[in-house]
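Geometric and topological summary
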Amino acid sequence: MLVVSDTSPLNYLILIKSVDVLPSLYGRVAAPRMVLRELLDPEAPPPVRDWAARPPSWLVGLIDLASALTSLRTSTTFHAPNALFDQLLRNFANPKGPA
């Protein structure tokens with residue numbers, strides 16, 4: 001299964017030294033590039049920055065949001081109407097909103 005993580009879960013799991021639970025629960029974990037940038041931010045706690053500077057092998061490709069949505073759309077373990085993902089991708093491509 002593929003799970004896409006936001007900054008907060010990674011940040012807090014790193015701080016409580018439990019981030020390694022993610023691959024045992026989900027196998028593959030992906031993160032948008034913006035998440036890594038936030039984890040590497042100079043204001044982030046040192047353990048978080050250190051972890052993000054050398055991410056583990058189970059953190060598969062740092063992806064952009066459109067790639068994450070496409071991955072979820074084609075996942076066999078996540079079920080949602082294709083129309084939902086189509087709309088999310090359209091909104092991502094046009095952040096000003098629907099035409």
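Each residue is numbered by its place in its chain's sequence as written, counting from 1. Residue-level local features of this predicted model are given only where pLDDT is at least 70; pairs of side-chain atoms are given and counted only at 80 or more, and the full residue set underlies all totals for whole chains, interfaces and linings. The side-chain values count all of the structure's non-hydrogen atoms but skip hydrogen atoms and water molecules.

A word on the overall build of the protein
Formally: Numbered from the N terminus, helices here are DSSP runs of H or I no shorter than four residues, and strands are runs of E no shorter than two. Type-normalised accessible area, obtained with a 1.4 Å probe on protein chains alone, sets the label of each residue: buried when under 20%, exposed when over 50%, and partly exposed for intermediate values. We call two residues in contact when some of their heavy atoms are within 4.5 Å. For accessible areas, the Shrake-Rupley method is used with a probe of radius 1.4 Å. Any residue's cover is judged against the shown protein chains and nothing else.
When you go through the protein residue by residue, the secondary structure sums to 6 helices and 3 strands. Starting at the N terminus, the α and β elements of the protein follow one another as β-α-α-β-α-α-β-α-α. For the protein, buried positions account for 30% of its 99 residues. Sequence separation of at least 24 residues holds for 67% of the intrachain contacts in the protein that already meet a minimum separation of 6. For the protein, the exposed surface amounts to about 6,400 Å²; the carbon and sulfur share of it is 60%.

A word on helix 4 (residues 46-53)
To keep it simple, the criterion reads: For this quantity, the arc is that covered by the directions from the helix axis to the C-beta atoms.
Every buried residue belonging to helix 4 is among V48, W51 and A52, and all of these are buried. Relative to the axis of helix 4, the buried residues are bounded by an arc of 95° and lie together on one face.

Quick notes on the confidence of the model for the protein
Atomic detail in the predicted coordinates should be set aside for any region of low pLDDT. Rule in force here: A residue's pLDDT is the confidence the predictor assigns to it, expressed on a 0 to 100 scale.
Per-residue pLDDT for the protein averages 77, and the proportion of residues at 70 or more is 61%. Averaged pLDDT values for the elements of the protein fall to 55 in helix 6 (residues 82-93) and rise to 96 in helix 4.

Examining helix 1 (residues 7-15)
Turn by turn, an α-helix covers 3.6 residues, leaving residues three or four places apart pointing in a common direction. The set of residues buried in helix 1 consists of T7, L10, N11, L13 and I14. Where helix 1 is buried, its residues contact helix 2 (21-26), strand 2 (28-32), helix 3 (33-39) and helix 4. Positive backbone phi, at 60°, marks K17, one or two positions downstream of helix 1.

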